[in-house]
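Here's the letter readout for the chains.
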Amino acid sequence: MVHDQIAGEAPRPIVVPRVLPLPGAVAGKRVVVTGASRGLGVVISTAFARAGARVALAARNGAALELLAAELGSETLVVPTDCSLPEDNERLAQTVIAEWGGLDVWISNAGISPVLGGPARTTPDLWRQVIDVNLSGAYYGARAAAAVMTDGGRIMVTASVLADRPRKGLVAYSASKAGIVAMVKALALDLADDGILVNAVAPGWFDSPLTEAWQANERLGESILGHTALHRWGSVDELVGAYLFLASSAASFITGTVITVDGGYAIS
Ligand SMILES: NC(=O)c1ccc[n+]([C@@H]2O[C@H](COP(=O)([O-])OP(=O)(O)OC[C@H]3O[C@@H](n4cnc5c(N)ncnc54)[C@H](OP(=O)(O)O)[C@@H]3O)[C@@H](O)[C@H]2O)c1
């Protein structure tokens, strides 16, 4: 190519495909969303349902899932699930196969962050709880999904901008999210030959029940906004596009990566 240009030859013109994919086109896809009982998972589930996907709603609080299913009014499955248990993830995947005959997209979004403190407060028990849900749960989910995806598929995990840019008092949470980023890259290699794409979405600071304590604390809230280039909390509608995009054919060459949606927190 360089030689051609030096010789003054015109480069071969690019061929524009007749059909260009529409980012976020997910109608008809069979989608699992964990952590769908509240917070970001409710919004992610709603976005997929409104885009015409069939959504299997998973979390421990079955009553909250039933309420969401009724509100969505579209084709949904309610599957009470403890994501920290491998057998629950396997049952969730099998339920989708039994009901819908296949699985296209699996989103491990469930996550907890129960402690705000250094090692003295982050006891081995608390450490285990966070890792069990956030990291091991995501691995069990990806494993269960890959086992039933027979025609390619998409696996996504909700990571966090704190994987790269930890804050004081969140050692277990940050470690779990950094583990997710490494896991997603490794799984993308392992599952590439099966046509399964594996990616993470890393939210910054969004207005959700998980961040209520941070928003309520003036000093922490100011510090977060001071480190966010756009100087505001994210609104959940600004997050879901990343999941819709990664699930759609527009993202067919994207695997093993992280889409960060953080208003510039990671760069500030
Ligand atoms: N909000 C933010 O600004 C932000 C920023 C970065 C990353 N994130 C990540 O985004 C994800 C969702 O956060 P969020 O803000 O929506 O939190 P949230 O409002 O606290 O919701 C957490 C969800 O996870 C579910 N969950 C917790 N433990 C579970 C378990 N053992 N099994 C199954 N489900 C479980 C909860 O349902 P049940 O209690 O019913 O089981 C709930 O649906 C998390 O992974 C979080 O780390 C959030």
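This text goes with the structure placed above it.
Below you will find a few notes about this structure.

### Remarks on the packing of aromatic side chains
The relation between two aromatic rings is expressed through the spacing of the ring centres and the mutual angle of the planes.
Thinking step 1. All chains considered together, the criterion is met by four aromatic pairs.
Thinking step 2. Between Trp-205 and Trp-214, the aromatic rings sit 4.7 Å apart at their centres with planes inclined by 55°, giving tilted as the arrangement.
Thinking step 3. Accessibility expressed as a relative area gives 8% for Trp-205, which makes it buried.
Thinking step 4. Overall, the relative accessible area of 8% leaves Trp-214 in the buried class.

### Some points on the nonpolar core
Thinking step 1. Grouped together as the largest cluster of nonpolar side chains are 32 residues, with contacts concentrated most on Val-32, Val-96, Leu-103, Trp-106, Met-149, Ile-155 and Val-198.
Thinking step 2. The set of elements that each furnish at least two residues to this core consists of strand S2 (54-59), strand S3 (76-80), helix H4 (86-100), helix H5 (124-148), strand S5 (153-158), helix H6 (171-191) and strand S6 (196-203).
Thinking step 3. Here this core gets seven residues from one element, more than from any other, and that element is H6.
Thinking step 4. The residues touching Ile-155, leaving out its near neighbours within four places in the chain, are Trp-106, Ala-142, Ala-145, Ala-146, Met-149, Leu-191, Ile-196, Leu-197, Val-198 and Asn-199.

### A look at a nonpolar patch on the surface
Thinking step 1. Together, Ile-14, Val-16 and Leu-20 make up a nonpolar patch on the protein surface, roughly 370 Å² of accessible area in all.
Thinking step 2. Tracing the backbone through its elements, the reader meets Val-16 in the loop between helix H1 (2-6) and strand S1 (30-34).

### Describing the layout of surface pockets
Thinking step 1. The calculated volume of the largest pocket comes to roughly 940 Å³.
Thinking step 2. Those elements giving two or more residues to the lining of the largest pocket turn out to be helix H2 (40-50), H5, H6 and helix H7 (212-216).
Thinking step 3. Roughly 210 Å³ of internal volume is contained in the second largest pocket.
Thinking step 4. Lining the second largest pocket are 17 residues, and of these Leu-103, Asp-104, Asp-151, Gly-152 and Gly-153 sit closest to its centre.

### Here's the deal with the packing of H5 against H6
Thinking step 1. Contact pair H5 / H6: the axes reach a minimum separation of 8 Å and the direction vectors enclose 15°. By the angle between their axes, H5 is roughly parallel relative to H6. Handedness of the crossing formed by H5 with H6: right-handed. Across the interface between the two elements, Trp-127, Val-130, Ile-131, Asn-134, Leu-135, Ala-138, Tyr-139, Ala-142 and Ala-146 of H5 pack against Val-171, Ala-172, Tyr-173, Ala-175, Ser-176, Lys-177, Gly-179, Ile-180, Met-183, Leu-187 and Leu-191 of H6.
Thinking step 2. Looking at the contact of H5 with H6, its residues break down into 16 nonpolar, three polar and one charged.

### Brief notes about the side chain of Arg-30
Thinking step 1. Checked against the element boundaries, Arg-30 lands in strand S1.
Thinking step 2. Within the local environment of Arg-30, its side chain forms a polar contact with the backbone oxygen of Gly-102, the two atoms lying 3.4 Å apart.
Thinking step 3. Contact partners of Arg-30, with chain neighbours within four places excluded, come to Arg-54, Trp-100, Gly-101, Gly-102, Leu-103, Asp-104 and Val-105.

### Some thoughts on H2
Thinking step 1. Of all 11 residues that make up H2, eight are buried, and the element is covered over most of its length.
Thinking step 2. For H2, the complete set of buried residues consists of Leu-40, Gly-41, Ile-44, Ser-45, Thr-46, Ala-47, Phe-48 and Ala-49.
Thinking step 3. Here the buried face of H2 lies against S1, S2, helix H3 (62-72), strand S4 (105-108), S6 and helix H9 (240-247).
Thinking step 4. Once H2 ends, the next one or two residues include Gly-52, with phi positive near 95°.

### Some details on the sheet that holds S3
Picture the strands of a sheet paired through backbone hydrogen bonds; they go either parallel or antiparallel.
Thinking step 1. The seven strands lie next to each other as S3-S2-S1-S4-S5-S6-S7, forming an open sheet whose pairing is parallel. The open sheet has two free edges, formed respectively by S3 and strand S7 (258-261), since each of these has just one partner strand. With strand direction ignored, the average angle separating the axes of adjacent strands in the sheet is 15°.
Thinking step 2. In the sheet, S4 pairs with S5 via four bridges, with the strands oriented parallel. Paired with Val-105 across the bridge in S5 is Arg-154.
Thinking step 3. Those strands touched by H3 are S2 and S3, and its axis lies near 175° from that of S3.

Cut-offs applied
- Residues numbered from 1 in each chain as written.
- Predicted model: local features only at pLDDT ≥ 70, side-chain atom pairs only at ≥ 80, totals over all residues.
- Heavy atoms only, no water.
- Phe/Tyr/Trp six-rings, centres within 6.5 Å; stacked < 30°, edge-to-face > 60°.
- Buried < 20%, exposed > 50% of the residue type's maximum accessible area, 1.4 Å probe, protein only.
- Core = buried A, V, L, I, M, F, W, Y, C linked by side-chain atoms within 4.5 Å.
- Helix = DSSP H or I, 4+ residues; strand = E, 2+ residues; numbered from the N terminus.
- Contact = heavy atoms within 4.5 Å.
- Patch = residues over 30% accessible without salt bridge, like charges linked within 9 Å, V, L, I, M, F, W, Y side chains within 5 Å.
- Areas by Shrake-Rupley, 256 points an atom, 1.4 Å probe, with all protein chains shown as cover.
- Salt bridge = Lys/Arg side-chain N within 4 Å of Asp/Glu carboxyl O.
- 1 Å grid on protein atoms, 1.4 Å probe; cavity = no way out; pocket = protein on both sides within 12 Å on 5 of 7 lines; lining within 4 Å.
- Points joined across faces, edges and corners; volume = space filled by probe spheres on them.
- Axes fitted to C-alpha atoms, helices over the stretch in contact; angles between N-to-C directions.
- Parallel < 35°, antiparallel > 145°, perpendicular 65-115°, else oblique.
- Left-handed = near helix turned anticlockwise from the far one by under 90°.
- Nonpolar A, V, L, I, M, F, W, Y, C, P; charged D, E, K, R; others polar.
- Polar contact = N/O pair within 3.5 Å; in protein donor to acceptor, adjacent residues only side chain to side chain.
- Pairing = 2+ DSSP bridges.

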